[in-house]
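Working through the structure, step by step
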Amino acid sequence: MIKTAQTVWENCLVFIKDNIQDQAFKTWFEPIKSVELTDNALYIQVPSKFFYEWLEEHYVKLLKVALTKELGKNAKLLYKIKMENTQGNKQPFQEQLPSGNGTSMKSQEVDAPFKNLNPELKNPFSSCNWS
């Protein structure tokens, strides 16, 4: 059977739907359209950059597992963001962005001494009421 962008994405959606709540699926996955399949890369179209960022922040691991099941360990997910052009031109604007594929930014811990520049304040936090 020949794989198409549509069949690969539909199979991914079956897996995703089994692993998240119905409302989340309807909100974040039903609006997505498969666009193109080249080698091991699936292009999907999302309605906004916010949508792309939300998927990358909350569902990138799930997307990676689903896509790896369909296309193998070298699978890649790329987003095409279709934004309406408000400049009077009827053509929508598209931006293409890669998936982070599970690589997330880690927060850095900083060990820096607190230097009090005002000698009148012995401990600036001692008078705070943190209730």
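Cut-offs and rules
Residues numbered from 1 in each chain as written. Predicted model: local features only at pLDDT ≥ 70, side-chain atom pairs only at ≥ 80, totals over all residues. Heavy atoms only, no water. Helix = DSSP H or I, 4+ residues; strand = E, 2+ residues; numbered from the N terminus. Expected span 1.5 Å × (residues − 1). Contact = heavy atoms within 4.5 Å. pLDDT = per-residue confidence, 0-100. Phe/Tyr/Trp six-rings, centres within 6.5 Å; stacked < 30°, edge-to-face > 60°. Buried < 20%, exposed > 50% of the residue type's maximum accessible area, 1.4 Å probe, protein only. Lys NZ or Arg CZ within 6 Å of the ring centre and 35° of its normal.

**Regarding helix 1 (residues 5–17)**
The first and last C-alpha atoms of helix 1 sit 18 Å apart over 13 residues, in line with the 18 Å expected at 1.5 Å per residue. Looking at the buried positions of helix 1, the neighbouring elements they touch are helix 2 (22–28), strand 1 (33–38), strand 2 (41–46) and helix 4 (60–71).

**As for the confidence of the model for the protein**
Mean pLDDT over the protein stands at 78; residues scoring 70 or higher make up 62%. Residue range residues 102–114 is modelled with pLDDT below 50. Its contacts to residues more than four positions away, or to other chains, number two contacts. Note on residues 123–131: pLDDT is under 50 here. Beyond four places in sequence and across chains, it has two contacts.

**A look at the packing of aromatic side chains**
Going through the model one piece at a time under the given rule, you end up with seven aromatic pairs. With 6.1 Å between their ring centres and 55° between their planes, Trp28 and Phe50 make a pair best called tilted. In this pair, Trp28 sits in helix 2 while Phe50 sits in helix 3 (residues 49–58), placing the two residues 22 residues apart along the sequence. On the basis of relative accessible area, Trp28 is assigned to the buried category, the value being 12%. A relative accessible area of 52% means that Phe50 is categorised as exposed. Each ring, one from Trp28 and one from Trp54, has its centre 5.0 Å from the other, and the planes form 15°; the classification is stacked. Taken as a pair, Trp28 in helix 2 and Trp54 in helix 3 lie far apart in primary sequence, 26 residues in all. Taken together, the aromatic side chains of Trp28, Phe50, Phe51 and Trp54 make up a single cluster linked through ring pairs. For Lys80, the ring lying beneath its charged end belongs to Tyr43, and the centroid distance is 5.1 Å.

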